[in-house]
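Notes for the structure review
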Amino acid sequence: MSASERETKIFAYIREHKIAGIDELAATFFASPASVRRDLDRLQQQGLIRRTHGGAVFLEKTAETGVYVRLAENHDSKERVALAALKHIPDFETVFVDDSSTAFMLADKMDFSHKLVVTNGLQLATQLAKRRDVEVVLPGGTLLYNTGMLSGSYTIESVRRFNFDLAITSCTALDEHKTYERSQDSAILKRTAVKKSLKSMLLFDAEKLTRHAPHAAIDTDMFSMIVTDAAKSAVPFTDRVGCRLVCGEN
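Conventions and cut-offs
Residues numbered from 1 in each chain as written. Predicted model: local features only at pLDDT ≥ 70, side-chain atom pairs only at ≥ 80, totals over all residues. Heavy atoms only, no water. Buried < 20%, exposed > 50% of the residue type's maximum accessible area, 1.4 Å probe, protein only. Helix = DSSP H or I, 4+ residues; strand = E, 2+ residues; numbered from the N terminus. Arc of directions from axis to C-beta. Pairing = 2+ DSSP bridges. Axes fitted to C-alpha atoms, helices over the stretch in contact; angles between N-to-C directions. Patch = residues over 30% accessible without salt bridge, like charges linked within 9 Å, V, L, I, M, F, W, Y side chains within 5 Å. Areas by Shrake-Rupley, 256 points an atom, 1.4 Å probe, with all protein chains shown as cover. Salt bridge = Lys/Arg side-chain N within 4 Å of Asp/Glu carboxyl O. Contact = heavy atoms within 4.5 Å. Phe/Tyr/Trp six-rings, centres within 6.5 Å; stacked < 30°, edge-to-face > 60°. Lys NZ or Arg CZ within 6 Å of the ring centre and 35° of its normal. Core = buried A, V, L, I, M, F, W, Y, C linked by side-chain atoms within 4.5 Å. Parallel < 35°, antiparallel > 145°, perpendicular 65-115°, else oblique. Left-handed = near helix turned anticlockwise from the far one by under 90°.

**A word on helix 8 (residues 153-160)**
Those residues of helix 8 that fall on the buried side of the exposure criterion are Thr155, Ile156, Ser158 and Val159. For helix 8, the angular spread of buried residues about the axis comes to 160°, placing them on one side. Exposed residues on helix 8 whose side chains face more than 90 degrees from its buried face are Ser153 and Tyr154.

In structure tokens, the structure reads:
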């Protein structure tokens, strides 16, 4: 288990149990107390928990939009999507990875040695910057504290200046024709990244098919590959020329 995976699981555990001790977490996740303390320090810095003597408590008023909160939701489904997508990553030198939790989970498993990674996700950038031989670029813009993402016109314009080999993105919701996002800025940013990429990959767990969001983002036929844990019969589109669909039963 990587450090970021353990951190995610620790947050999910504290969120469920409301309070947890260091020894309890160390035993549960087969980690040293020192490693758990470092994980708790990082989670506290992000405003997700509050450290206590010997452990931590969940902050009930935490905004339900941060990447670690989103990772904890439908975690197993996102894990299946990430593992399926990992088998189909094309060769690339430059990649855009959005701030979504599913893309975060996939990126955490990928080898970015001697690659250029552009992301508007602060937590992902922080994780990847710890690795050797990875060039990580944050595009700038307005930092949204609750989500840990960069957004706004400056972020969009910065991404527009790149050419990518690959774009990896998820969505809030989708239908037969388009993906959708909660904010217009997020929709424009993801659409821009996909347009500026030679290849693009859409990741989504089955629950996204039941959700709704107001801002249309990307035509589904713009993607090179679409990966989901949903059964093919549940997906409102089928294989297209130039687009490979990887579903739950593949």
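**Looking at the pairing of strand 9 (residues 164-169)**
With 5 of 6 residues buried, strand 9 is to be regarded as a mostly interior element. One ladder, built from 3 bridges, connects strand 4 (residues 94-97) with strand 9; its direction is parallel. The residue bridging Val97 from the neighbouring strand is Ile168, located in strand 9. When strand 9 meets strand 12 (residues 197-204), the two strands line up parallel, connected through 5 bridges. The partner of Leu166 across the bridge, within strand 12, is Lys199.

**Side note on the sheet that holds strand 3 (residues 55-58)**
Read across the sheet, 3 strands follow the order 1-3-2 without closing on themselves; strand pairing throughout is antiparallel. Because the sheet does not close on itself, it has two edges, and the strands there are strand 1 (19-21) and strand 2 (49-52). With strand direction ignored, the average angle separating the axes of adjacent strands in the sheet is 20°. Where strand 1 meets strand 3, 3 bridges bridge the pair, whose relative direction is antiparallel. What sits directly across from Ile19, in strand 3, is Val57.

**Some points on a nonpolar patch on the surface**
Residues Leu122, Leu138 and Leu143 make up a contiguous nonpolar surface patch of about 230 Å² in total accessible area. Mapped onto the fold, Leu122 is located in helix 7 (residues 122-128). Here Leu122 falls in the partly exposed class, since its relative accessible area comes to 31%.

**Details of the sheet that holds strand 12**
The sheet built from 7 strands is open, its strands ordered 6-5-4-9-12-14-15 with parallel pairing. Both outer strands of the open sheet, strand 6 (134-137) and strand 15 (244-246), are each paired with one neighbouring strand and no more. Averaged over all adjacent pairs, the angle separating strand axes in this sheet is 20°, with direction ignored. Relative to the sheet, helix 9 (residues 184-195) contacts strand 4, strand 9 and strand 12, its axis offset from that of strand 9 by approximately 145°.

**Here we look at the packing of aromatic side chains**
One pass over the full model with this rule turns up 5 aromatic pairs. Judged by centre distance (6.1 Å) and plane angle (65°), the rings of Phe92 and Phe112 are edge-to-face. Here Phe92, found in the loop between helix 5 (75-86) and strand 4, pairs with Phe112, found in the loop between helix 6 (101-109) and strand 5 (115-119); they are 20 residues apart in sequence, far enough to count as distant. Considered together, Phe92 and Phe112 belong to a single accessibility category, that of buried residues. Members of the aromatic cluster, connected to one another through ring pairs, are Phe96, Phe162 and Phe164. Above the ring of Phe92, the side-chain terminus of Lys115 is found at 5.1 Å from the ring centroid.

**Some details on the nonpolar core**
Ranked by internal contacts, the top residues of the largest apolar core, which has 26 residues, are Phe96, Leu202, Phe204, Ile226 and Phe237. Looking at this core, the elements with two or more residues in it are strand 5, helix 8, strand 9, helix 9, strand 12 and strand 13 (215-219). For this core, the leading source of residues is helix 9, giving 4 residues. Leave out the neighbours within four places in its chain, and Phe96 touches Val118, Thr119, Asn120, Val159, Phe164, Leu166, Ala167, Ile168, Leu189 and Ala193. By size, the runner-up hydrophobic cluster in this structure holds 25 residues, among which are Ala85, Phe92, Phe104 and Ala107.

**Points about the packing of helix 5 against helix 6**
Between helix 5 and helix 6, whose axes approach to 9 Å, the crossing angle comes to 50°. Compared by their axis directions, helix 5 and helix 6 come out oblique. As for how helix 5 packs across helix 6, the hand of that crossing is right-handed. Contacts between helix 5 and helix 6 pair His75, Lys78, Glu79, Val81, Ala82, Leu83, Ala85 and Leu86 from the former with Ser101, Thr102, Met105, Leu106 and Lys109 from the latter.

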